[in-house]
Amino acid sequence: MIYAKSMDVRDNFKSWCGQAASGEIIQISRPGNNFVYLINQETYEKMSMEKRITAHTSYLYGKDNLVNLKRLSEIEKLPDNWNNNGAEHISQQVIKRVRKLLMSIAYQPEVFPTTCDAIQLEWENDKKEYLEMEVLDGTINIFQIDAEGGEEQCTISFDENVVNAIVEEFYDRTV
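Everything numeric here is computed off the predicted structure, so don't read it as measured data.

A. Representation of the environment of Gln93 in the model. Here Gln93 shows up in helix α4 (residues 92-104). In this structure Gln93 comes out as partly exposed when scored by relative accessible area, which is 36%. In the structure, Gln93 is positioned 45 residues away from Gly138 in sequence and 8.7 Å away in space, judged by C-alpha atoms.

B. Quick peek at α4. With 13 residues, α4 extends 18 Å between its outermost C-alpha atoms, agreeing within 8% with the 18 Å of an ideal straight helix rising 1.5 Å per residue. All of the buried residues in α4 are Val94, Ile95, Arg97, Val98, Leu101 and Leu102. Projected down its long axis, α4 shows its buried positions confined to an angular sector of 165 degrees, all on one face.

C. Summary view of the environment of Gly23. In this fold, Gly23 is placed in the loop between α1 (9-21) and β2 (26-30). Separated by 115 residues in sequence, Gly23 and Gly138 place their C-alpha atoms 47 Å apart.

D. Expanded view of unusual backbone geometry. Phi is positive for Asn81, which is not a glycine, with a value near 65 degrees. Along the chain, Asn81 falls in the loop between α3 (63-76) and α4.

E. Layout of α1. Largest kink in α1: about 35 degrees, centred on Ser15. Remark: Gly23 follows α1 within two positions and exhibits a positive phi of approximately 110 degrees.

F. Quick peek at the packing of α4 against helix α5 (residues 160-172). At their nearest, the axes of α4 and α5 sit 10 Å apart, and the two run at 50 degrees to each other. Relative to α5, α4 is oriented oblique. Note on packing geometry: the crossing formed by α4 with α5 is right-handed. For the pair formed by α4 and α5, the contact residues are Lys100, Leu101 and Ser104 on the first element and Glu160, Val163 and Asn164 on the second.

G. Focus on a nonpolar patch on the surface. A cluster of nonpolar side chains, namely Met1, Tyr3, Phe35 and Tyr37, defines an oily patch on the protein surface of about 470 Å² accessible area. In this fold, Met1 is placed in the segment before β1 (2-5).

H. Broad picture of the sheet that holds strand β3 (residues 34-38). The strand order across the open sheet built from three strands is β1-β2-β3, with neighbouring strands paired in mixed fashion. The sheet is open, and its two borders are formed by β1 and β3, each paired with just one other strand. Across the sheet, the axes of successive neighbouring strands diverge by a mean angle of 30 degrees, strand direction being ignored. Sheet topology note: the β1/β2 ladder contains four bridges and is parallel. Following the sheet pairing, Ile2 is matched in β2 by Ile26. Strands β1, β2 and β3 of the sheet are contacted by α1, whose axis makes an angle of about 150 degrees with β2.

What counts, and where the lines are drawn
- Sequence order sets the numbering: in each chain, residues are counted from 1 along the sequence as written.
- Note on the predicted model: pLDDT of at least 70 is required for a residue's local features to be given, and 80 or more for side-chain atom pairs to be given and counted; whole-chain, interface and lining totals, by contrast, use all residues.
- Note that water and hydrogens are dropped before the side-chain values are worked out from all heavy atoms of the structure.
- Strands are runs of DSSP state E lasting at least two residues, helices are runs of H or I lasting at least four, and both sets are numbered from the N terminus onward.
- Buried means the residue's accessible area, taken with a 1.4 Å probe over protein chains only, is under 20% of the maximum for its type, while exposed means over 50%, and partly exposed covers the values in between.
- Under the convention used throughout, the expected extent of a helix is 1.5 Å for every residue step, that is, one less than its residue count.
- What the arc covers is the set of directions going from the helix axis to the C-beta atoms.
- We define the bend at each residue as the angle formed by axes fitted to the 7 residues ending at it and the 7 residues starting at it.
- In this analysis an axis means a line fitted to C-alpha atoms, helices contributing only their contacting stretch, and an angle means the value between N-to-C directions, from 0 to 180 degrees.
- These descriptions rest on fixed angle ranges, namely under 35 degrees for roughly parallel, over 145 for roughly antiparallel, 65 to 115 for roughly perpendicular, and the rest for oblique.
- Here a crossing is taken to be left-handed if its near helix is turned anticlockwise relative to the far helix by less than a right angle, and right-handed if that turn runs clockwise.
- Residue contacts follow a heavy-atom distance rule, with two residues in contact if any of their heavy atoms lie within 4.5 Å.
- The patch calculation keeps residues exceeding 30% relative accessible area without a salt bridge and links them within 9 Å when they carry like charges or within 5 Å when they are nonpolar (Val, Leu, Ile, Met, Phe, Trp, Tyr).
- For the accessible areas, the method is Shrake-Rupley and the probe is 1.4 Å, while residue cover comes only from the protein chains on display.
- Each reported salt bridge corresponds to a side-chain nitrogen of Lys or Arg within 4 Å of a carboxyl oxygen of Asp or Glu.
- Pairing between two strands requires that DSSP report at least two bridges joining them.

In structure tokens:
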């Protein structure tokens, strides 16, 4: 990227246009911390497409879902030993299962990697009840704490319809 002052535009415009056409981005400073950019058509179209895709995805799935999908993409990139204590990277099968859940559930959770090739999803409702799902390769470990402090645990086979029903019921109790 080339950084320039607006007072230099007249003397350098032709040169900068050539550089922009070659893929260089020229940032020209303006008063009030405003900037003008010279970019080529390919860069413009790429930026426009990325903006449209992000806006469309956000419209379809909501902002919280988009945040969680980005978080999941970050988790997907974690290398072996990501916690400096020997944890392996999260398997693609677990990533795919969690992505499928995130795309289908109405109430978006907090999303965390675990050290046992799993991803943990956490919800808290208005009654301060807590729901946790640890998504493994073929099963989901579920842990709940109700408003009185009672605890429940179970393990289910991966089934997004069952997960959706559990999450819906968890939030319906607060109405």
